[in-house]
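Fold and geometry: a report
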Amino acid sequence: MITARAAATFEPVGRSVAAARTFVRDTLQGWGLTDIVDDAVVLTSELVTNAVVHAGTTADVVCIRADTGVRVEVADRYPEREVPLQSNGGHHFGHPDREGGRGLLLCAALAARWGVEYTATHKQVWFQLDFPDRPAGTRAAGPALPSSALPIADSRVRVGVVQVDSGGLISAWNDDAQELFGYHPEQIIGKPLTDLAAWPHTPGTGTGVAEALLLSRWEGSYGIRGADGRVSPVYASHLRIRDAEGEPSTVCLLVRDRERAVLQSPMRGANVDTAETAERGPATDAFEVFIGSPAPDDLDGLLQRTVERARDMLDGDAAYLLLATDDETELEVRASTGLPSARQRFARVPVEAGTGRYGSARMPAVHEDLSAVPGAVPLLVNTGMRSVVTVPLKVEGRLTGSLGVAAESPARYSNEEALRLQFAADRIALAVERARLTELERLRRGSLSFLVEASDLLAGTLDRNQTLALMAQMTVPTLASWCAVYTVADQVSEPELSYVLHEDEDRIDGLKALLMKIDPPEQVPTGGARSWSGPYDAAHAAALRTSLRSLSLGDSARPSSGPGASLATASAVGGETVVLPLVARNRVIGMLILGKPTDEHFRQENLELAEDLSRRAALALDNARLYSERTAISQSLQRSLLPPEQPEVPGVEVEVIYRAAGEGNEVGGDFYDLFPIRDGAYGFAIGDVCGTGPEAAAVTGLARHALRLLAREGFGGPAVLERLNAAILDEGARSRFLTLLYGELWPQHDGSAVLKVVCAGHPLPLRLRQDGSVEAAAEPQPLLGVMDDLELYEQTVTLDPGDVLLCVTDGVTERREGTRMLGDDGLIDVLTTCTGLTAGAVAARVLRAVERFAAEPPSDDMAILAMRVPEPEPADA
C-alpha cells in the first residue's frame with residue numbers, strides 16, 4: 001500500500017543531476033529513511049544522467065513509499081532508445097567502464113527489484129529498495145556509556161505533545177507543552193502551529209514548518225514563541241498519522257533544544273559497538289559528516305549546502321560564505337541562507353576591514369552584539385542579526401574565503417562555537433577551492449569563446465553606428481542589465497552619449513533621458529573598471545521629487561503619469577554601475593558604462609571579461625571612425641572629379657550612365673564630360689585610364705580639367721589631345737596610358753547636329769540611323785600617354801534627326817562570363833534594337849544588356865554616353 005508520494009521534473013541540463021540527487025535525498029530523509037538514502041541517491045544520479053545528458057530530454061522523478069520499501073521511477077521522453085536485450089538468460093550490460101549502461105548495472109547490483117517500462121510517449125526505469133531488517137522492537141541502539149558521557153538534561157524532562165489536524169490547526173496540547181510555553185489549552189487549541197513558529201524555514205532543508213507538518217516523519221529544530229513573548233529553541237519530532245475515520249493529522253513531540261538527545265534519532269553510521277566498528281573499517285570522513293555524501297558536483301550547490309549545514313550545526317538564523325578574489329584583497333558573497341540573497345549575492349567586502357583582530361577576515365572572530373558596534377559586519381546591516389561568528393577558509397596558508405553564522409539574539413556564540421565552525425571550515429576549504437578552480441576554468445573557457453565571437457562580430461563591420469550597437473548588444477544581458485556608450489570626438493571635446501540599451505526595451509527611453517540630464521563620467525585613460533554613482537544619485541533624486549509632487553497635488557489633481565516611470569528608472573539603475581574606458585592608440589575615444597538593477601553587483605570574472613571586451617571594442621570603434629573619416633575624404637575628393645551639372649544642349653538629347661568599380665568608389669579610371677566651349681559649341685569626352693581606383697582617378701581629374709581648359713582656349717580636337725598627351729607623360733612614373741574619345745558638337749538650325757571627333761585608342765563611337773543600321777562614326781588612332789609625338793586628326797560626322805551616337809568605355813564591350821565576351825558585335829546587336837528610342841532609353845537598354853550578360857556584378861569601370869537628335873514634331877493640321 002502506498003503511504004507517501006513525491007514527484008519532480010528536471011530540465012535537460014547538467015545541473016539537473018545534482019538537483020535530482022538533492023530532491024531524492026531530502027524526500028527520503030523527510031520520510032525518516034536514512035538507511036537507504038545513499039543507495040537511492042546513487043541510482044537516481046545514474047538514471048537522471050542517462051535522461052538529461054544522454055537522452056537529452058526532461059526527466060520525471062517519482063518517489064513512492066510503500067509498506068515494504070521505496071520505489072523510485074525515472075522517466076525520459078525519448079522512447080526510441082534501445083530496449084535492453086536478453087542474452088544468455090539475462091540482461092547484457094557491457095563492460096562496467098563503458099560510458100552508457102551503468103545505470104542499469106547499478107540497479108541490478110543495489111536494488112531489490114528493478115525494471116524498464118516503455119509507453120508511446122516515454123521510457124521509464126524504476127528500482128525498489130526494501131527497508132532493512134531490524135530486530136523486533138528495536139529501531140536503533142547505542143553502546144553502554146559511562147555516566148559522565150551521558151547527555152545533560154533538567155531533573156525533569158518535559159515532552160510537549162502537540163497534535164495538529166489536516167488544516168494545520170492545533171487540536172491537542174498536553175500539560176508539558178503548557179509548562180514549556182505558558183499557554184493553557186483553551187488559549188491555543190484551534191490556532192495554527194505556524195503562528196507560534198519563530199523561524200519560518202527549517203534549517204538545512206529550505207522546507208517551511210507548514211511543509212514539514214505534511215511529511216510522514218520529520219525531525220529538526222525551530223523556535224516557539226511563548227506566552228511571555230520570548231522565543232524558546234526546541235527540537236521537534238513529527239509523525240504523520242491517520243485516525244479511525246481516516247483523517248490525517250500530525251503528532252509533534254517537542255523538547256528544549258539542549259535536550260534534543262531525548263528525541264533525536266542517531267545519525268546513520270553511528271558506531272553501535274566496537275565489533276561493528278572493526279567490521280566497518282575507519283570512521284566516516286569528517287567532510288562527509290559535515291557536508292553530506294555524495295557532495296554536490298557544482299560550486300554553487302556545494303557552497304549552498306555548506307552554509308545550510310553550518311547554520312544547522314550552530315543553530316543559527318543565517319549563514320553566509322564568501323570567496324576571496326584572486327588578489328586576496330576582497331571577499332565576494334557567493335552563498336547565503338536566512339539573508340536576502342538577491343541583494344547580497346556577489347557583494348564585496350574588504351579582507352582587511354579595520355584594525356585589530358576582528359577587522360581581518362584572516363582570523364576567527366566572534367561578535368556578541370552587533371548593535372554595540374554598528375557596521376562591524378557590513379553584510380548583516382539592517383538584517384536583524386545581533387551576534388555572529390566568522391572563520392577563515394584557508395588552503396596551504398592562503399586565504400580562500402570566509403564562513404559566518406549569525407543569530408538574531410545577542411551573545412549566542414562564544415569561542416567554543418568558533419572552534420567548531422573553524423574545524424568544519426578546515427574540512428570544507430580544500431573541496432571549495434577545487435570546485436572554485438573548476439568553475440573558474442569553465443568560466444575562462446566560456447570567456448574565451450565569448451571574446452572570439454565578439455572579435456569576429458566587431459571585425460565584420462566598419463560602420464560606426466553598427467559597431468556601437470554591437471558593443472551594447474554583446475554586453476546586455478550577458479554581462480550587465482543595461483549599457484551606455486559615450487564617444488569622444490577629440491581631446492578637447494566633451495563625451496557624447498551615443499548609444500543606450502537595456503534588457504527591458506520599455507526602460508530604454510527613460511534611461512536615455514536620465515543619462516542626458518547628468519554630466520558624463522570623467523575621462524580616465526587608465527584601464528580597469530571604476531564605480532560611477534551618477535545614474536543612481538540622479539534617478540533616486542528624480543524619483544523622490546516626483547513622489548513628493550504627486551503627494552502634494554492630492555488625489556483629485558494627481559498627474560496621470562504618476563511617479564511610476566521615475567521609480568522604474570531608479571530601480572533599473574539602482575545597482576552597481578561601472579565605467580570602462582575605451583582607449584585606442586593611447587587616446588580615450590569613449591567610455592563603456594555597464595549597470596545592474598537595484599542591489600545587484602558585478603562578479604569579478606564578468607568585470608575582467610568586460611575589460612577585455614572594451615579593449616577590442618575600442619579598437620573596432622576607432623577603426624570604424626578612421627574608415628568613416630577616410631571614406632568621407634575619399635568621396636569628397638572623388639565627387640570633385642565628377643563633372644558639375646550637365647548642361648542642356650539645344651536640339652540634342654544627351655544621357656550619361658556612369659558606374660565605378662570597387663566598394664566606396666564614386667570615380668574610377670573611366671570618365672566622361674560634357675561642357676560648353678563657346679556660344680553654339682559644346683565639347684564632350686569619354687575616356688578610360690589604365691587601371692581602377694584612386695590612382696586611375698587622379699589621372700581622370702588631370703584629363704578632365706585639361707580638356708576643358710584647352711578647348712576653351714580655342715584649340716581644336718587634335719591640338720587638345722596632343723597637349724593632354726604631353727601633360728600625361730610629364731607625370732613620369734605616375735603616368736598611365738589613356739584611351740579617349742573627344743569631340744565638339746554644333747547643333748544646326750535645320751535640326752541636325754555636326755560633330756568633329758578624335759578617337760585616340762578608344763572603342764569607336766557607333767551611329768544608329770533611323771533605318772536601324774549601325775556604323776562606326778570614327779577611325780581608330782593612337783592612344784595617349786605612350787608616345788611623345790602624336791599626329792592626330794579629327795573627323796566630321798553629321799547626325800540627322802532620329803540618329804543616335806553611342807559612346808562607351810571598354811567596361812561595356814569587355815563584359816565577360818567565362819570565355820564569352822559581349823564585344824563590339826554584341827553591342828551593335830543591342831543598339832540595332834534601339835531605333836526610335838530616346839537617348840535615355842538607349843543608354844538604359846545598353847546598361848541592362850551588360851548587367852544581364854553575366855551573373856557576377858561588373859568588375860570594371862563603365863561609362864555610357866548617348867546623344868540623339870530628335871525628330872521634328874509634326875505640324876498641326
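Residues numbered from 1 in each chain as written. Predicted model: local features only at pLDDT ≥ 70, side-chain atom pairs only at ≥ 80, totals over all residues. Heavy atoms only, no water.

1. Observations regarding the side chain of T44
Within the secondary structure layout, T44 lies in helix α2 (residues 37–55). For T44, a relative accessible area of 0% gives the class buried. Residues contacting T44, with those up to four places away along its chain left out, are A20, V24, V61, V72 and F127. (Helix = DSSP H or I, 4+ residues; strand = E, 2+ residues; numbered from the N terminus. Buried < 20%, exposed > 50% of the residue type's maximum accessible area, 1.4 Å probe, protein only. Contact = heavy atoms within 4.5 Å.)

2. So, a nonpolar patch on the surface
On the surface, a cluster of nonpolar side chains totalling about 270 Å² of accessible area is made up of F737, V786 and M787. Using a relative accessible area of 38% as the deciding quantity, one classes F737 as partly exposed. (Patch = residues over 30% accessible without salt bridge, like charges linked within 9 Å, V, L, I, M, F, W, Y side chains within 5 Å. Areas by Shrake-Rupley, 256 points an atom, 1.4 Å probe, with all protein chains shown as cover. Salt bridge = Lys/Arg side-chain N within 4 Å of Asp/Glu carboxyl O.)

3. Some thoughts on the packing of aromatic side chains
Inspection of the entire model under this criterion finds 4 aromatic pairs. A ring pair is formed by W173 and F181, whose centres lie 6.0 Å apart and whose planes are at 50 degrees; its orientation type is tilted. By relative accessible area, F181 is classed as buried at 5%. Taken together through their ring pairs, the aromatic side chains of W173, F181 and Y183 make up a single cluster. (Phe/Tyr/Trp six-rings, centres within 6.5 Å; stacked < 30°, edge-to-face > 60°.)

4. Structural notes on the pattern of salt bridges
The final tally for this structure, using the stated rule, is 27 salt bridges. In this structure, D315 and R260 form a salt bridge, with 3.4 Å as the shortest nitrogen-oxygen distance. Of this pair, D315 sits in the loop between α9 (299–313) and β13 (318–324) while R260 sits in the loop between β12 (248–256) and α7 (274–280), and the two are 55 residues apart along the sequence. For R260, a relative accessible area of 21% puts it in the partly exposed group. Two residues, R445 and E441, come together in a salt bridge whose shortest N-O distance is 3.3 Å. Note that R445 and E441 are positioned in helix α11 (residues 415–459) at a spacing of 4 residues, about one turn of the helix. Classification of R445 as exposed rests on a relative accessible area of 59%. Within the structure, one salt-bridge network assembled from shared partners comprises R585, D622, R625 and E629.

5. Here's the deal with the nonpolar core
Within soluble globular proteins, side chains that are nonpolar generally end up buried alongside one another. With 50 residues, the main nonpolar core has M471, L515, L582, L592, I593 and L594 as its most contacted residues. With 8 residues, helix α16 (residues 604–641) is the single largest residue contributor to this core. Here L594 is in contact with T475, A480, W482, C483, E576, T577, V578, L580, F602 and A610, once residues within four sequence places are set aside. In terms of nonpolar packing, the next biggest core, distinct from the first, is built from 31 residues, A20, V41, V74 and V125 among them. (Core = buried A, V, L, I, M, F, W, Y, C linked by side-chain atoms within 4.5 Å.)

6. Overview of the environment of L421
Tracing the chain through its elements places L421 in helix α11. When the C-alpha atoms of L421 and R311 are compared, they prove to be 9.7 Å apart, with 110 residues separating the residues in sequence. In contact with L421, not counting residues within four places along its chain, are A310, M313, L314, V389, V391, L403 and V405.

7. Some points on the environment of A236
Summarising the element assignment, A236 is placed in strand β11 (residues 231–242). The exposure class assigned to A236 is buried, which follows from its relative accessible area of 0%. Setting aside residues up to four positions removed in sequence, A236 forms contacts with W218, E219, G220, Y222, L253 and L254.

8. As for helix α21 (residues 839–853)
Taking 1.5 Å of rise per residue, the 15 residues of α21 would be expected to cover 21 Å, and the 21 Å separating its terminal C-alpha atoms lies within 8% of that figure. Those residues of α21 not exposed but buried are A839, V842, A843, V846, L847, V850 and F853. In a view along the axis of α21, the buried residues occupy a sector of 130 degrees, so they form one face of it. (Expected span 1.5 Å × (residues − 1). Arc of directions from axis to C-beta.)

9. Points about the packing of helix α20 (residues 823–832) against α21
Between α20 and α21, whose axes approach to 10 Å, the crossing angle comes to 135 degrees. Considering the angle they form, α20 stands oblique to α21. Considering how the two elements wind past one another, α20 and α21 form a crossing that is right-handed. Listed contacts from α21 to L827, V830 and L831 of α20 are V842, R845, V846 and A849. (Axes fitted to C-alpha atoms, helices over the stretch in contact; angles between N-to-C directions. Parallel < 35°, antiparallel > 145°, perpendicular 65-115°, else oblique. Left-handed = near helix turned anticlockwise from the far one by under 90°.)

10. Focus on the confidence of the model for the protein chain
For the protein chain, per-residue confidence averages 80 on the pLDDT scale, and residues scoring 70 or more make up 84% of the total. Low pLDDT, under 50, characterises residues 81–100; the predicted model gives this stretch 26 contacts beyond four residues in sequence or across chains. Ignoring residues within four places in sequence, the model shows residues 200–207, a span with pLDDT below 50, making 19 contacts including any to other chains. (pLDDT = per-residue confidence, 0-100.)

11. Quick notes on the packing of α9 against α11
Direction vectors running N to C along α9 and α11 enclose 170 degrees, while the axes themselves pass 9 Å from each other. Classified by the angle their axes make, α9 and α11 are roughly antiparallel. Residues L299, D300, L302, L303, T306, A310 and M313 of α9 touch α11, and the partners they reach there are R420, L421, A424, I428, A431, V432, A435, R436 and E439. Of the residues contributing to the contact of α9 with α11, the split by class is 11 nonpolar, 1 polar and 4 charged. (Nonpolar A, V, L, I, M, F, W, Y, C, P; charged D, E, K, R; others polar.)

12. So, the sheet that holds β11
Whenever strands of a sheet pair, they do so through backbone hydrogen bonds, lying parallel or antiparallel. Here 5 strands make up an open sheet; going across it, the order is β9-β8-β12-β11-β10 and the pairing antiparallel. Sheet topology places β9 (170–173) and β10 (217–225) at the edges, where each strand pairs with a single neighbour. On average, each strand axis in the sheet is inclined to that of its neighbour by 30 degrees, with strand direction left out of account. For strand β8 (residues 160–165) and β12, the ladder comprises 6 bridges, and the chain directions are antiparallel. Bridging from a neighbouring strand, V162 pairs with C252 of β12. (Pairing = 2+ DSSP bridges.)

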